[in-house]
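The primary structure of each chain is shown beneath.
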Amino acid sequence: MQEQAVAWRHAGDEIGVVPTMGALHAGHDSLVARARRENQRVIVTVFVNPAQFGPNEDFARYPRPFDQDRARLEALGVDAIFHPAVDQIYPPAFKTRVDPGPLAEVLEGKSRPGHFAGVLTVVLKLFNLTQPKRAYFGQKDFQQVVLVRQLVRDFGLPVRIVAVPTVRHTDGLAISSRNAYLDPGQRQLAPAVHHAITEAAHGFAGGETDPVRLEALTRERLAATPGLVLDYVAVVDDTTLSRPAHAIPGNVLAVAVKLGSIRLIDNVVLGAERL
Ligand code: AMP
């Protein structure tokens, strides 16, 4: 992969990379389409990264429909699919890990210790193997975007990180491979997450800038949904992940809930035109 990528760069082609874990859906398509528009070469990586799963998470049962993914990516016209085996990325002698620091301890990181260390370690390796000019990540995984940007800044990586808006089902639920785990009843309740954060974002647009009140608004809305258990709701700065004294456009309202054993995350950028 690296030899091919270096050859493309030497020929003057810019490379866009889209890191994924496969089980591709319309959200991934949107990242690939954006990469296709902005680069001469597009590489999609398909790798279920064991390092970013906790011991009680779904690594073993995570869906791996590779033949379907390949057909989908061929139809989107990508130049390469990088689909390594686990021991190609992590051979027995593999020892070095990226330490993402304190921003990996909050929000998602609080419930998922080690998750972002695993993400940043594989992202750094995938960047070195694919030599991208640009890398495409979904806004749905907002904290991941923040931490990948931190990685790029801290290590001086020559890669531009592009955050792509969340693609949703028509009822508002953010598309995710993990939605397949929801039973029909849970699936019906799941859009409540999007509705709650959208209502809070409208509150902001209507002049409410107290982050605590915006969080409370979201919490109240979610409390009306039976069986939905809130993990966190937070208005945060999009670089420091700390709560601002007053919310300003560009701050992010992020939420995580559980429906049964299924964890759902979503977020909205306050003051953004697209809600
Ligand atoms: P995953 O395969 O779940 O690791 O996701 C690969 C990339 O696709 C990540 O950057 C995700 O943030 C992004 N992604 C996942 N779901 C969506 C969505 N509904 N809309 C936009 N991007 C998404």
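Reading the values: the criteria
- Each chain has its residues counted from 1, following the order in which its sequence is written.
- Per-residue local features of the predicted model are confined to residues with pLDDT of at least 70, and side-chain atom pairs are confined, for both listing and counting, to 80 or more; whole-chain, interface and lining totals are unaffected and use all residues.
- Side-chain numbers here rest on the full set of heavy atoms in the structure, without hydrogens or water.
- Secondary structure counts use DSSP, requiring at least four H or I residues in a row for a helix and at least two E residues in a row for a strand, with both numbered from the N terminus.
- C-alpha atoms define the radius of gyration in this analysis, and the globule rule sets the expected value at 2.2 Å times the number of residues to the power 0.38.
- To sort residues, take the accessible area from a 1.4 Å probe on protein chains only and compare it with the maximum for the residue type: under 20% means buried, over 50% means exposed, and anything in between is partly exposed.
- Throughout, a contact is declared for two residues whenever any of their heavy atoms are within 4.5 Å.
- Here, Shrake-Rupley sampling with a 1.4 Å probe gives the accessible areas, and only protein chains in the shown set may cover a residue.
- Note that His is not counted, nor are the chain ends; the positive residues are Lys and Arg, and the negative ones are Asp and Glu.
- To locate a charge, take NZ of a lysine, CZ of an arginine, CG of an aspartate or CD of a glutamate.
- These domain boundaries are the output of an automatic or database domain assignment.
- A 1.4 Å probe defines the accessible area here, and the buried area is the portion of it lost by two parts on being joined, summed over both.
- What makes a salt bridge here is a side-chain nitrogen of Lys or Arg within 4 Å of a carboxyl oxygen of Asp or Glu, nothing more.
- Throughout this description, a polar contact denotes any pair of N or O atoms lying within 3.5 Å of each other; where both atoms belong to protein, one of them has to be capable of donating a hydrogen while the other can accept it, and for residues adjacent in sequence the pair is counted only when both atoms sit in side chains.
- Lys, Arg, Asp and Glu make up the charged group, whereas Ala, Val, Leu, Ile, Met, Phe, Trp, Tyr, Cys and Pro make up the nonpolar group; the residues left over, Gly among them, are polar.
- Being near a molecule or strand, for a residue, means having at least one of its heavy atoms within 4 Å of it.

## Observations regarding the overall build of the chain
So, point 1. Helix and strand counts for the chain stand at 10 helices and 8 strands.
So, point 2. Rg of the C-alpha trace for the chain: 19 Å, near the compact-globule value of 19 Å for 275 residues, within the 12% margin.
So, point 3. Taking the principal axes of the C-alpha coordinates as reference, the chain spans close to 55 × 40 × 35 Å.
So, point 4. With 275 residues in all, the chain has 50% of them scored as buried.
So, point 5. Considering only intrachain contacts with a sequence separation of at least 6, the fraction spanning at least 24 residues in the chain is 72%.
So, point 6. Split by element, the accessible area of the chain, about 13,200 Å² in all, is 52% carbon and sulfur.
So, point 7. In the chain, 30 side chains carry a positive charge and 29 a negative one; their mean positions are 2 Å apart.

## Brief notes about the environment of Ala-26
So, point 1. Among the structural elements, Ala-26 can be located in helix α2 (residues 26–38).
So, point 2. On the basis of relative accessible area, Ala-26 is assigned to the partly exposed category, the value being 32%.
So, point 3. Residues Ala-26 and Thr-166, spaced 140 residues apart in sequence, show a C-alpha to C-alpha distance of 9.8 Å.
So, point 4. Those residues within four positions of Ala-26 in sequence are excluded, and the remaining contacts are Arg-72, Val-167 and Ile-175.

## Considerations on the environment of Val-252
So, point 1. Structurally, Val-252 is set in strand β7 (residues 252–259).
So, point 2. Spatially, the C-alpha atoms of Val-252 and Glu-57 are 26 Å apart, while their sequence positions differ by 195 residues.
So, point 3. Val-252 has contacts with Gln-139, Phe-142, Ala-234, Val-235, Val-236, Asp-238, Asn-267, Val-268 and Val-269, leaving out every residue within four places of it along the chain.

## A short note on the domain arrangement of the chain
So, point 1. Taken as a whole, the chain is organised into domain 1 (2–164) and domain 2 (177–269).
So, point 2. If you look at the interface, domain 1 gives 22 residues, while domain 2 gives 18 residues.
So, point 3. Regarding the contact of domain 1 and domain 2, the summed buried area is about 1,700 Å², with carbon and sulfur atoms giving 54% of it.
So, point 4. Among the residues domain 1 hides against domain 2, the three largest losses belong to Leu-107, Glu-108 and Phe-142. Together they make up 33% of the total.
So, point 5. Where domain 1 packs against domain 2, one counts 2 salt bridges.
So, point 6. The shortest N-O distance in the salt bridge between Glu-108 and Arg-263 comes to 2.4 Å.
So, point 7. Between the two partners, domain 1 and domain 2, sit 9 residue pairs in polar contact (both at pLDDT 80 or more).
So, point 8. When residues in the side of domain 1 that touches domain 2 are grouped by element, the largest group, 4 residues, is from helix α7 (residues 142–155).
So, point 9. A breakdown of the residues in the side of domain 1 that touches domain 2 according to their chemical character gives 9 nonpolar, 6 polar and 7 charged.

## Comments concerning the site of the ligand
So, point 1. Near the ligand, the surroundings consist of 17 residues, among which Met-21, Gly-138, Asp-141, Val-167 and Ile-175 are the closest.
So, point 2. The separation between an oxygen atom of the ligand and a polar side-chain atom of His-28 is 2.9 Å.
So, point 3. One nitrogen or oxygen atom from the main chain of Gly-138 is found 2.9 Å from an oxygen atom belonging to the ligand.
So, point 4. Coverage of the ligand by the protein chains reaches 93% of its 480 Å² of free accessible surface.
So, point 5. For the shell around the ligand, the secondary-structure elements that each account for two or more residues are β1 (15–20), α2 and β4 (134–138).
So, point 6. The greatest single-element share of the shell around the ligand, amounting to 3 residues, is contributed by α2.
So, point 7. Tallied by class, the residues present in the shell around the ligand amount to 8 nonpolar, 7 polar and 2 charged.

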